[in-house]
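Overview (structure and organization)
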Amino acid sequence: MSLLQDAVAVDTLNQVQQQAIQLAAPQENLNLIQLLMKGGWIMIPIILLFFLGLVIFIERYITIRNASKTDSGLMAQIKSNVLSGKLDSAIAVCRSNNSALARMLQKGLTRVGRPIKDIEASIENAGKLEVSRLEKNINILGIIAGIAPMLGFVGTIFGVIQIFREVEIAGGIDIASVSGGLYVKMVSSASGLTIGILAYIGYHVLNMMVERLILRMETEAVEFIDLLDEPGA
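This write-up is about the structure you can find in this document. The model shown is predicted, which means the values in this text are computed figures rather than measured ones.

What follows concerns a nonpolar patch on the surface. Together, Phe50, Phe51, Leu54, Ile58, Tyr61, Ile62 and Leu198 make up a nonpolar patch on the protein surface, roughly 620 Å² of accessible area in all. Here the element with the most residues in the nonpolar patch is helix α3 (residues 43–68); it accounts for six residues. Structurally, the position occupied by Phe50 is in helix α3.

Here it is as C-alpha cells:
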C-alpha cells in the first residue's frame, strides 16, 4: 500500500511539474501580418504581386462594367432615327451613351452612305479597338497566377536549405527547431499559392466579362448592318 501511495505521489508531482513548465513556456500569438513576415524576404515580392493583382482586377472590373452599361432602348432609338433619315440624331444618341457598343455604332453611323463593306470594316475596327482597351493589363493577372506560386516554392526551398545549414553547424538534429523552421518557411508557399489562385480566378472572371460584351457587340453590329440593308434605309 505504501509503494502504491508513493507511485501516485510521484506521478502527481510529475504532472504538476509538466503543467508548470507549460505555463512558464512563452506562447507566441501571431497575427496575420506577423505570420506573413515569418516567410522571409521572399514575402516582399509576393505581397507586391498581391497588391498589383488587386489593383488591376478592381480597375479592369470597373472599366469593363462601365463599358458594358448600355441603354436597353439604344438600338431602338438608333433604328427609329435611321429609318426617319435623322442620322445626326442617331449619332447624338450614341454620343450621349458612353459605352463600347455606342462608340462602335457611332463609327458605323458616320460611314452611312458608303458601301456596306466599308461600314462593316469601320464597325469591326472600332470593335477591335474597344476590345483591346478592355483587355488592357488583364494578361498581367495571368502572369501573376504563374509567378506567385513559384516564388512561394523558392522561399520554401531557401528556408529548407537554411535549416539544414544550421543543423550542419550545430552538429546535430533538433527536431523542434527543424519542424519550427519548416513551418515558418511553408508560409511563403501557402501565400504564393493563395495569391496565384486568386489571380487565376480574377483573370478568368474578367475574360468572361469581356467575352460576354464581345458577343453582345457582335450581335448589335449584325442588327445594325441589317438595318442599313433594309429597303428605304
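Now that the structure has been shown, the text picks up again.
Within the structure shown, the criterion is met by four salt bridges. Linking Glu124 and Lys128 is a salt bridge whose minimum nitrogen-to-oxygen distance equals 3.4 Å. A residue pair is termed a helical-turn pair when its members lie 3 or 4 positions apart in one helix, as Glu124 and Lys128 do in helix α7 (residues 116–134) at four residues. For Lys128, a relative accessible area of 51% puts it in the exposed group. Arg133 is paired through a salt bridge with Glu130; the nearest N and O atoms lie 3.5 Å apart. One end of the pair is Arg133 and the other is Glu130, both in helix α7 and three residues apart, which spans about a single turn. Arg133 sits in the partly exposed class, given a relative accessible area of 46%. Each of Arg103, Glu130 and Arg133 takes part in one network of salt bridges that share partners.

Even without being a glycine, Asn137 presents a positive backbone phi close to 70°. With respect to the element layout, Asn137 can be found in the loop between α7 and α8 (138–170).

Criteria and cut-off values
- Residues numbered from 1 in each chain as written.
- Predicted model: local features only at pLDDT ≥ 70, side-chain atom pairs only at ≥ 80, totals over all residues.
- Heavy atoms only, no water.
- Patch = residues over 30% accessible without salt bridge, like charges linked within 9 Å, V, L, I, M, F, W, Y side chains within 5 Å.
- Areas by Shrake-Rupley, 256 points an atom, 1.4 Å probe, with all protein chains shown as cover.
- Salt bridge = Lys/Arg side-chain N within 4 Å of Asp/Glu carboxyl O.
- Helix = DSSP H or I, 4+ residues; strand = E, 2+ residues; numbered from the N terminus.
- Buried < 20%, exposed > 50% of the residue type's maximum accessible area, 1.4 Å probe, protein only.

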